[in-house]
Amino acid sequence: MKIENFFAELKRRNVYKVAVAYIVAGWALAQGVAQVLPVFNIPNGLIRLFVVLIIIGFPIALIFAWAFEITPQGIKRAQDVDLSKPHTIHGPWIYIVLVGAAVSISLFFLGRYTAPNRITSADENKSIAVLPFATLSDDRNDAYFADGVQDQILTNLAKVSDLRVISHTSVRQYKTGAERNMREIGRQLGVGYIMEGSVQRARNRLRINAELIDARTDAHIWAETYDRTAADLFAIQSELAQSIVTQLKAKLSPQQKAEIEERPTQDLDAFELYLQAKTIIDSYINATDVRAALLEALKSLDEAIKRDPNFVSAYCYVARANALLYFFDLDPTPERITLAKNAVNNALRLRPDSAEAHFARADYLFRCLRDYDRALEELAIARPGLPNSSPFFILSGYINRRRNNFPQAERDFSTAFAIDPRNPNAYNLLADTYVLERRLPEAVHVADNVLAAGETVPIVYFRRALSIQSGTGDIGPLRDVLAKYPDMEFAGGQTPNRVWIAMLDHDFARAEKFLADSPRKDFQDIDFSFYFPKSWYEGMIAREKGDGAKATAAFQECREILVQRLVVKPEHARTIAVLAQVDANLGQKDLAVSEAQHAIDLMPTSRDIYDGALVLEGLAQVYTWTGDRDRAIETLQKLVAMPGYTNYGRLKLHPLWAPLRGDPKFENIITSLGPN
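Residues numbered from 1 in each chain as written. Predicted model: local features only at pLDDT ≥ 70, side-chain atom pairs only at ≥ 80, totals over all residues. Heavy atoms only, no water.

**Student:** Give a description of the overall build of the chain that names residues and reports values.
**Tutor:** On a plain count of helices and strands, the chain comes out with 32 helices and 10 strands. Going through the 676 residues of the chain one by one, you find that 53% of them count as buried. Long-range pairs, those at least 24 residues apart, make up 62% of the contacts in the chain between residues at least 6 apart in sequence. Carbon and sulfur atoms provide 56% of the accessible area of the chain, an area that totals close to 30,800 Å². (Helix = DSSP H or I, 4+ residues; strand = E, 2+ residues; numbered from the N terminus. Buried < 20%, exposed > 50% of the residue type's maximum accessible area, 1.4 Å probe, protein only. Contact = heavy atoms within 4.5 Å. Areas by Shrake-Rupley, 256 points an atom, 1.4 Å probe, with all protein chains shown as cover.)

The following block contains the structure:
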């Protein structure tokens, strides 16, 4: 048969038409399979099988088109049909093409929009959570060791910018020993893949088992067992991380590969000491006694550095722990600044190009020196090496928020929340940013998302209720949460709320009991801003009761405590602002105004909008309690024009503002802040 006759025969037997119809219909079916079935958690292997069968069917369809003919009497073999007469399929193939096109488009959009809670496929395919590894030993030290293996693998993967890696704090929640629902964990953390494994250590031998699981389908994608000497630990962790990068088809730059392959220390005992300290420092926010926890971590780090004086990561965490002790006034002495500075300098001396060391310097500049511009410069240097670091984005958000760059701060905290969704620091700071901007419904929404992700700690319910109260004046949810969790005390922030609610109810005996029952000597105010000694609240209650002598004695005691704080940390704007409020309540108007103004000069809003607004509110309080209503309201009008904790619920209900209630200008301010 000549070639021209062959193609003519293909056309006469409708092979072309069948090919076109099959391609369109097959593509439509493949689209439906690929887009829709994952919504119902159909395993990827089954989806691939469907697509392969569609492809295999194509040549079979062409063979049938050549061998058979459609006639008015039905389908017949070609050899039984009079081929001298042209035979045509009338119409149906056109409809097949049109229907196939319509179906394919419909299925494409159905797959895209019927799963709004799923992250994009590109992101999902390169997102992973490394869960804590199980230890196959009863030795507690081996449990620490297993945590360390998992931690370092996660750290290595987090250096790969083409991956989205869930941070340490969030994955620590999923302890070993309990049954793990991989699909649910994947949903809570927003990842496509999960890695888990086990560690067995016997003398100088190690056996590490690791497995990669598709969290969407529960399919086991990859597994490997490493059976080597303990000295090979870091090599195993590096190989394992690179295997995962390969499995997820992520890009790995030469620099990232070199960083993954670099040993953090030559001493395994030093590494274990470092890991114990790192765990404490990373989760300091959950500690019952933050000061004691950080000091314990520093002891472990000092031992680690004695064993390996070139341990860069250990120096970085020494700097961070000392900076935290200073920043939170847990030990606000010049010695802490020096210790943090020396640790940073040692880290950079050993590794001038270390992203972790530059981050440590940024943290030191922010917390110890309040040098925001230089801190941001250091973060810019560290950024390429820390693509999945939630502490990086949290610090960046902190600084940008204080510099009044709230849009960038919101992006920073949102990123931290995305890669560390169960980190209290990440979600609290994101919600707090909305509170400062008086976007209270969005703050509530953050809490709802955290609860939906499986978090159950009481502080989330507390902050959610506090946001509702701040935005609407509805104190009911806050009452309910405090009643449900009577022992909750986070950074001393719940006792003040119990006290002022009791004061609202004029139940002063209950307010006094709340204070007496707490072992704390000082508390953060209801919005976690100022630290007030216990005697401050004793004075507030006595004043509301009308017991002037007791109020004066309490405020005088409070004053003495604050003066001692200023000896340790002179010219501290927040402490001076609280001292001014105490002196206002002691009737020292001129002194109080002078102190409040000095606090503002030390911390103007142009330098730091966060602390600046807090000390400016201190001046408004001084005017309020010394009877200067006009200046108090004038200062409040400035406050409500900038981000801050001066909100509807606070002004409407808190006893601090009672002297201004009833003034038309003050009531207008409250109305302007009220819910729409």
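**Student:** Help me get a handle on helix α8 (residues 182-189), residues and values and all.
**Tutor:** What α8 keeps buried is the set Met182, Ile185, Gly186, Gln188 and Leu189. Seen end-on, α8 carries its buried residues on one side only, within an arc spanning 165 degrees. Contact partners of the buried residues in α8: β3 (127-130), β5 (164-165), α7 (168-171), β6 (193-202) and β7 (205-214). A distance of 3.2 Å separates the backbone nitrogen of Arg183 from a side-chain oxygen at the start of α8, and that oxygen is part of Asn181. One or two steps after α8, the chain reaches Gly190, where phi turns positive at roughly 70 degrees. (Arc of directions from axis to C-beta. Polar contact = N/O pair within 3.5 Å; in protein donor to acceptor, adjacent residues only side chain to side chain.)

**Student:** How would you explain the pattern of salt bridges if you had to name every residue and give the values?
**Tutor:** Taken as a whole and assessed by the stated rule, the structure comprises 49 salt bridges. Arg479 is paired through a salt bridge with Asp505; the nearest N and O atoms lie 2.8 Å apart. Linking Arg479 in helix α22 (residues 476-484) with Asp505 in the loop between α23 (494-504) and α24 (508-517), this pair joins segments that are 26 residues apart in sequence. Overall, Arg479 belongs to the partly exposed group, its relative accessible area being 33%. Of the charged contacts, one joins Asp611 and Arg574 as a salt bridge, the two residues approaching to 2.8 Å between their closest N and O atoms. Of this pair, Asp611 sits in helix α29 (residues 609-625) while Arg574 sits in helix α27 (residues 573-585), and the two are 37 residues apart along the sequence. Like Asp611, the residue Arg574 is buried in the burial classification. Within this structure, Asp151, Arg172, Lys278, Asp282 and Arg320 form a network of salt bridges that share partners. (Salt bridge = Lys/Arg side-chain N within 4 Å of Asp/Glu carboxyl O.)

**Student:** Explain the packing of aromatic side chains residue by residue, including any values.
**Tutor:** Scanning the entire structure with this criterion turns up 16 aromatic pairs. Centroid distance Tyr274 to Tyr317: 5.8 Å. Interplanar angle 80 degrees. Geometry classified as edge-to-face. Within this pair, whereas Tyr274 is found in helix α11 (residues 268-282), its partner Tyr317 is found in helix α13 (residues 312-327), the two being separated by 43 residues in sequence. A cation sits over an aromatic face here: Arg216 above Tyr193, 5.0 Å from the ring centre. Its guanidinium or amino end placed over the ring of Trp625, Arg543 lies 3.3 Å from that ring's centre, counting from NZ or CZ. (Phe/Tyr/Trp six-rings, centres within 6.5 Å; stacked < 30°, edge-to-face > 60°. Lys NZ or Arg CZ within 6 Å of the ring centre and 35° of its normal.)

**Student:** Go over the pairing of strand β8 (residues 219-229), please, and point to the residues and values.
**Tutor:** Consecutive side chains along a regular strand alternate between the two faces of the sheet. Two strands pair when backbone bridges link them, and β7 and β8 are joined in this way by 10 bridges, in the antiparallel orientation. In the sheet register, Leu212 faces β8, and the bridge partner there is Trp222. Linking β7 back to β8 in an antiparallel pair, the connection comprises four residues, with Asp218 at a positive phi of about 70 degrees. (Pairing = 2+ DSSP bridges.)

**Student:** Hey, could you go over a nonpolar patch on the surface for me, with residue numbers and the actual values?
**Tutor:** Taken together, Leu53, Ile56 and Ile60 make up a surface patch of nonpolar side chains, about 270 Å² in accessible area. Of note, Ile60 is situated in helix α3 (residues 44-67). Ile60 sits in the partly exposed class, given a relative accessible area of 42%. (Patch = residues over 30% accessible without salt bridge, like charges linked within 9 Å, V, L, I, M, F, W, Y side chains within 5 Å.)

**Student:** Outline unusual backbone geometry, listing residues and values.
**Tutor:** Positive phi, close to 55 degrees, is recorded for Lys249, a residue that is not glycine. Mapped onto the elements of the fold, Lys249 is located in the loop between α9 (233-247) and α10 (254-261). Given the relative accessible area of 68%, Lys249 is considered exposed. Although it is not a glycine, Glu571 sits at a positive phi angle of roughly 55 degrees.

**Student:** Tell me about the confidence of the model for the chain, and name the residues and values.
**Tutor:** A low pLDDT score tells you not to read the predicted coordinates there in detail. Put simply, the chain has an average pLDDT of 86, and 83% of its residues get 70 or more. Mean pLDDT values over the elements of the chain span from 46, in helix α4 (residues 92-113), up to 98, in helix α28 (residues 589-602). Predicted confidence for residues 105-122 stays below pLDDT 50, and this span has 21 contacts to residues more than four positions away or in other chains. (pLDDT = per-residue confidence, 0-100.)

**Student:** An account of the pairing of β3 is requested, with residue identities and associated values reported.
**Tutor:** Residue alternation in β3 divides its side chains into two sets, Ser127 and Ala129 and Ile128 and Val130, and both sets are buried. Relative to β6, β3 is paired through three bridges, and the arrangement is parallel. In the sheet register, Ile128 faces β6, and the bridge partner there is Tyr193.

**Student:** Can you tell me about the packing of α22 against α23, naming the residues and giving the values?
**Tutor:** Axis separation between α22 and α23 bottoms out at 11 Å; the angle between their running directions is 120 degrees. Here α23 runs oblique to α22, going by the angle between their axes. The element α22 and its partner α23 pack so that their crossing is left-handed. Contact residues: α22 offers Leu478, Arg479 and Leu482, while α23 offers Gln494, Asn497, Arg498, Trp500 and Ile501. Here the residues of the contact of α22 with α23 are counted per class, giving four nonpolar, two polar and two charged. (Axes fitted to C-alpha atoms, helices over the stretch in contact; angles between N-to-C directions. Parallel < 35°, antiparallel > 145°, perpendicular 65-115°, else oblique. Left-handed = near helix turned anticlockwise from the far one by under 90°. Nonpolar A, V, L, I, M, F, W, Y, C, P; charged D, E, K, R; others polar.)

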